[in-house]
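# Overview (structure and organization)
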Amino acid sequence: MFNKNNQVKGREDKSSQEFINSNNIIGKGSTFSGNIETYGNLRVEGRIIGDVRSKSKVAVGQSAIIEGNILSQVAEIEGEVKGSVEVSDLLILKPNCSIKGDIITNKLVVEAGAKFDGKCNMGKAVKKIEFEQSNNNSLSSSSSTTKVESTTK
């Protein structure tokens, strides 16, 4: 009786760990419209029109543009963000980054040349990163995908 519950719990822990270790990429020249929710890391080199939530790290590359809010555990931003950025642990603003929105983070590193236009609150508790449960009660890498478009120049 107890053993069966432990086996189920062990499988859930294992699949949660697999999601956390996953890596997701929105490549340069790609446009993603919709909200992204992921347990794993997200690297953005293209454009996202929508909100981004990650229980791990969000890396916004130099060529990236995000038109929406970011909520993550750790974030490193080199590109452009038009929306608020909430990070529960460490936020790194690289030299070419531009943020037009408020920042809430526990720890902040601002490198020379980084720009942001908005309020900044440090050391405050960021809301817990929660995902909406899907109908089948399984974990999912992303919950709401509206449109993915790849263009080459």
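Residues numbered from 1 in each chain as written. Predicted model: local features only at pLDDT ≥ 70, side-chain atom pairs only at ≥ 80, totals over all residues. Heavy atoms only, no water.

## Examining the overall build of the protein
Assigned secondary structure in the protein consists of 1 helix and 15 strands. In the protein, which comprises 153 residues, the share counted as buried stands at 34%. Residue pairs at least 24 apart in sequence account for 18% of intrachain contacts in the protein once pairs closer than 6 positions are excluded. (Helix = DSSP H or I, 4+ residues; strand = E, 2+ residues; numbered from the N terminus. Buried < 20%, exposed > 50% of the residue type's maximum accessible area, 1.4 Å probe, protein only. Contact = heavy atoms within 4.5 Å.)

## Overview of the confidence of the model for the protein
When pLDDT is averaged along the protein, the result is 81, and 70% of the positions lie at 70 or above. Ignoring residues within four places in sequence, the model shows residues 135-153, a span with pLDDT below 50, making 31 contacts including any to other chains. (pLDDT = per-residue confidence, 0-100.)

## Thoughts on the pairing of strand E10 (residues 85-93)
If a strand is regular, its side chains alternate between the two faces of the sheet. Note: strand E8 (residues 70-77) against E10, 7 bridges, orientation parallel. Within the sheet, the bridge partner assigned to isoleucine 70 lies in E10 and is valine 85. Bridge count between E10 and strand E12 (residues 103-110): 7 bridges; the pairing is parallel. From the neighbouring strand, leucine 91 faces E12, where its bridge partner is leucine 108. (Pairing = 2+ DSSP bridges.)

## Structural notes on the pairing of E12
Bridging between E12 and strand E14 (residues 120-122) involves 3 bridges; their strand directions are parallel. The residue of E14 that forms the bridge with isoleucine 103 is cysteine 120.

## Side note on the pattern of salt bridges
Per the counting criterion, the structure on display carries 7 salt bridges. When the shortest N-O distance is used, the salt bridge between glutamate 80 and lysine 100 registers 3.8 Å. In this pair, glutamate 80 is assigned in strand E9 (residues 80-81) and lysine 100 in strand E11 (residues 98-100), connecting sequence segments 20 residues apart. Taking the relative accessible area as the measure of exposure, glutamate 80 reaches 21% and is therefore partly exposed. Residue classification places lysine 100 among the partly exposed residues on the basis of a relative accessible area of 48%. (Salt bridge = Lys/Arg side-chain N within 4 Å of Asp/Glu carboxyl O.)

## Overview of the environment of glutamate 37
Here glutamate 37 is to be found in strand E3 (residues 36-38). With 93 residues separating them in the primary sequence, glutamate 37 and glutamate 130 have C-alpha atoms 9.3 Å apart.

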